[in-house]
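# Descriptive analysis of the structure
Here is what each chain is made of, one letter per residue.
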Amino acid sequence: PAVVAGVGSAADDPADDAADDVLDDIAQMHLFRRGVSGEDDPGAAEEGVAPRPPRPELLQIHNSFILAETRDGVIIVDQHAAHERVLFERIVASFERGGAEGQRLLFPIAIRLTKPEVELIESILEPLAALGFEISPFGTDAILVQAVPSPHRYFDAEKCVREMLHELTHGSDLMNSARNQNERVAMSFACKAAIRAGHDLSNDEMQELFDQLFATELPYHDIHGRPTVVRLGLGELRKKFGRT
Ligand SMILES: [Zn+2]
């Protein structure tokens, strides 16, 4: 769909080639999970307790990637790329609904602006507000951040705003790929606010990220066009071990 931009990939992109297979794998994972209902677990049904659906086991490696067994091998998800995709699609949808509410800060953050940032700020206050940032001018060369979005528990709002202002004033390949100011702000936020490599995720957080990623319209690429998922098939593994 036209609303979701920032996607492109080389023809030899293995994640792209394998996209259909991954989709099959994910569908299988979900089928497997949905396949077990209360009827299959009479004990739970009697007690009126909803049984916990079995989920594929996820393993975080190097606090950066998430590994999952699939029907035909394994998939490896880049946690930052995946979350960036999730955030971007959520923002685009939220912009269409008029924006999201932020959380009010107990202690507002004052951020001093450079001259180019002072010139920019007025034009991005509206999309920033739609993201959940409540920002007001503070003197002639600063802003006061009074409410912020909360994309994940490691989120550093001040760092995010500073990095976004820097990217929006200095430009980047990502900024060049956007079609308008709102999209530039949305893309910059998705990139800067997404969970980073190096952050430890709980099992529930990994499951949530998986569910959200595979519910997006373009789950296989981040907004830079890089893959979010790499697939290693059993056939490839067997070949590597000389078992052909
Ligand atoms: Zn990025």
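Residues numbered from 1 in each chain as written. Predicted model: local features only at pLDDT ≥ 70, side-chain atom pairs only at ≥ 80, totals over all residues. Heavy atoms only, no water.

### Comments concerning the sheet that holds strand β3 (residues 73-78)
Within a sheet, neighbouring strands are paired by backbone hydrogen bonds and run either parallel or antiparallel to one another. Ordered in space as β1-β2-β3-β7, the four strands form an open sheet in which the pairing is antiparallel. At either margin of the open sheet sits one strand with a lone partner, and together these are β1 (58-61) and β7 (229-233). Averaged over all adjacent pairs, the angle separating strand axes in this sheet is 25°, with direction ignored. Of the strands in this sheet, β1, β2 (65-70) and β3 are in contact with helix α4 (residues 79-97), which crosses β3 at around 70°. Taken strand by strand, helix α9 (residues 203-213) contacts β1, β2, β3 and β7, and its axis lies near 105° from that of β1. (Pairing = 2+ DSSP bridges. Helix = DSSP H or I, 4+ residues; strand = E, 2+ residues; numbered from the N terminus. Axes fitted to C-alpha atoms, helices over the stretch in contact; angles between N-to-C directions. Contact = heavy atoms within 4.5 Å.)

### Examining the coordination of the zinc ion
Taken together, E84 (OE), C191 (SG) and H224 (NE2) make up the full set of protein donors to the zinc ion, lying 1.9 to 2.3 Å away. Here the donor residues for the zinc ion map to a single chain with the spacing E-x106-C-x32-H. Remark: H224 occurs in the loop between α9 and β7 and E84 occurs in helix α4; sequence separation between them is 140 residues. (Donors = N, O, S within 2.8 Å, 3.2 Å for Na, K, Ca; no water.)

### A closer look at the packing of aromatic side chains
A complete count under the given rule lists four aromatic pairs for this structure. With a centroid separation of 5.8 Å and 85° between ring planes, the pair formed by F133 and F189 is classed as edge-to-face. Remark: F189 occurs in helix α8 (residues 181-193) and F133 occurs in the loop between α5 (115-131) and β5 (134-137); sequence separation between them is 56 residues. Seen from their ring centres, F155 and F189 are 6.3 Å apart, and the 70° between their planes marks the pair as edge-to-face. Taken together, the positions of F155 in the loop between β6 (142-148) and α6 (157-170) and F189 in helix α8 put the pair 34 residues apart, joining distant regions of the chain. (Phe/Tyr/Trp six-rings, centres within 6.5 Å; stacked < 30°, edge-to-face > 60°.)

### Notes on the environment of G139
Turning to its location among the elements, G139 is positioned in the loop between β5 and β6. In this structure G139 comes out as exposed when scored by relative accessible area, which is 64%. C-alpha of G139 to C-alpha of R112: the two residues are 27 residues apart in sequence and 9.5 Å apart in space. (Buried < 20%, exposed > 50% of the residue type's maximum accessible area, 1.4 Å probe, protein only.)

### Considerations on empty space enclosed by the protein
This structure, assessed with the given rule, holds one cavity of 30 Å³ or more. What lines the largest cavity is simply I121, I124, L128, I135, I143, V161, M164, L165 and L168. When residues of the lining of the largest cavity are traced back to their parent elements, those giving at least two are α5 and α6. (1 Å grid on protein atoms, 1.4 Å probe; cavity = no way out; pocket = protein on both sides within 12 Å on 5 of 7 lines; lining within 4 Å. Points joined across faces, edges and corners; volume = space filled by probe spheres on them.)

### Description of the pairing of β2
Burial along β2 is one-sided: I66, A68 and T70 are buried, and none of F65, L67 and E69, which face the opposite way, are. The pairing of β1 with β2 spans four bridges and is antiparallel. Each residue of the ladder has a partner; that of Q60, found in β2, is I66. Between β1 and the antiparallel strand that follows it, β2, lie three residues; H62 among them carries a positive phi value of about 50°. Two strands pair when backbone bridges link them, and β2 and β3 are joined in this way by six bridges, in the antiparallel orientation. Paired with I66 across the strands is V77, a residue of β3. Linking β2 back to β3 in an antiparallel pair, the connection comprises two residues.

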